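If you want the building blocks of each chain, they are given just below.
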Amino acid sequence: MMAEDANLVVVDDYLTNVGNTCTTYSVQLNDLLNKYLKELDNIANDALPSGKLHDAIVAFRDAVSSLYGGKGTGKLTEMGKSLDHSCRDFIGTVDNDDKFIY
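Think of each chain on its own: its residues are numbered from 1, step by step along the sequence as written. Per-residue local features of the predicted model are confined to residues with pLDDT of at least 70, and side-chain atom pairs are confined, for both listing and counting, to 80 or more; whole-chain, interface and lining totals are unaffected and use all residues. To obtain the side-chain values, all non-hydrogen atoms of the structure were included, while hydrogens and water were left out.

**Focus on the packing of aromatic side chains**
(1) Moving on: Pairing of aromatic side chains here covers Phe, Tyr and the six-membered ring of Trp, requires ring centres within 6.5 Å, and sorts the geometry by plane angle: under 30 degrees stacked, over 60 edge-to-face, intermediate tilted. Applying the stated criterion across every chain yields a total of one aromatic pair.
(2) Moving on: Seen from their ring centres, tyrosine 36 and phenylalanine 60 are 6.5 Å apart, and the 90° between their planes marks the pair as edge-to-face. A residue pair is termed long-range when its members are at least 10 positions apart, and tyrosine 36 in helix α1 (residues 12-47) and phenylalanine 60 in helix α2 (residues 52-65) qualify at 24 residues. The helix and strand labels rest on DSSP assignments: H or I over at least four residues marks a helix, E over at least two residues marks a strand, and numbering proceeds from the N terminus.

Here it is as structure tokens:
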């Protein structure tokens, strides 16, 4: 178990920026995933309209699509927002606990 650090410094702006960055990147990743899913659709529909490889691509696309939930939504976006929320909660928790010290 680690000892508590009496010199712990929490830089609010840094944590806020980390949270914002997580949200931004997750939305961008979600948008890229949407483009990838469209490419898989194009391959399945145009390049390989039938056969075992077509079926495998469609099955893979269906599995990957479970991460995508539309523009601004989806599991990837939710993860980024959750990380942002965790960063902000940490700041609030430290601020709340801080008032007992000072």
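**A look at α1**
The α-helix winds at 3.6 residues per turn, so residues separated by three or four positions along the chain end up facing the same way.
(1) Moving on: A helix's residues, less one, multiplied by 1.5 Å, set its expected span. Between its terminal C-alpha atoms α1 stretches 51 Å, which fits the 52 Å expected from 36 residues at 1.5 Å a residue.
(2) Moving on: Each residue gets one of three labels from its accessible area relative to the maximum for its type: buried under 20%, exposed over 50%, partly exposed in between, using a 1.4 Å probe on protein chains only. Taken residue by residue, α1 has Leu15, Gly19, Thr23, Ser26, Asn30, Leu33, Asn34, Leu37, Leu40 and Ala44 as its buried positions.

**Examining the environment of isoleucine 91**
(1) Moving on: Structurally, isoleucine 91 can be placed in helix α3 (residues 75-101).
(2) Moving on: Accessibility expressed as a relative area gives 10% for isoleucine 91, which makes it buried.
(3) Moving on: Put simply, isoleucine 91 and threonine 16 are 75 residues apart on the chain and 8.5 Å apart in space, counted from C-alpha to C-alpha.
(4) Moving on: Contacts are residue-level and defined by heavy atoms, with any inter-residue pair within 4.5 Å sufficient. In this structure, isoleucine 91 is in contact with Asp12, Leu15 and Thr16, ignoring residues within four places of it in sequence.

**Concerning the nonpolar core**
(1) Moving on: Grouped together as the largest cluster of nonpolar side chains are seven residues: Leu33, Leu37, Leu40, Ala44, Ile57, Val64 and Leu76.
(2) Moving on: No other element matches α1, which puts four residues into this core.
(3) Moving on: When sequence neighbours within four positions are dropped, the list of residues in contact with leucine 76 reads Ser26, Leu29, Asn30, Leu33 and Leu67. Throughout, nonpolar core names a set of buried Ala, Val, Leu, Ile, Met, Phe, Trp, Tyr and Cys residues whose side chains join them through atoms within 4.5 Å.

**Focus: the confidence of the model for the chain**
Any region with low pLDDT has predicted coordinates that should not be read closely.
(1) Moving on: Confidence scores per residue from the predictor, reported as pLDDT, run from 0 to 100. With 84% of its residues at a pLDDT of at least 70, the chain reaches an overall mean of 83.
(2) Moving on: At the low end of the mean pLDDT range in the chain sits α3, at 83; at the high end sits α2, at 92.

**Details of the packing of α1 against α2**
Helix packing geometry: the angle between the two helix axes and the distance between the axes.
(1) Moving on: Interhelical geometry of α1 versus α2 gives an angle of 160° and a closest axis separation of 9 Å. In terms of axis orientation, α1 runs roughly antiparallel to α2. Pair α1 / α2 crosses with left-handed handedness. Residue-level inspection shows Leu33, Tyr36, Leu37, Leu40, Asp41, Ile43 and Ala44 of α1 in contact with α2, the latter providing His54, Ile57, Val58, Phe60, Arg61, Val64 and Ser65.
(2) Moving on: Amino acids are sorted into nonpolar (Ala, Val, Leu, Ile, Met, Phe, Trp, Tyr, Cys and Pro), charged (Asp, Glu, Lys and Arg) and polar (every other residue, Gly among them). Grouping the amino acids of the contact of α1 with α2 by side-chain chemistry returns 10 nonpolar, two polar and two charged. Interaxial angle, 0 to 180 degrees, is taken between N-to-C directions of lines fitted to C-alpha atoms, where a helix line uses only the stretch in contact. An angle below 35 degrees is treated as roughly parallel, one above 145 as roughly antiparallel, one from 65 to 115 as roughly perpendicular, and anything else as oblique. By definition, turning the near helix anticlockwise from the far helix through less than a right angle yields a left-handed crossing, and turning it clockwise yields a right-handed one.

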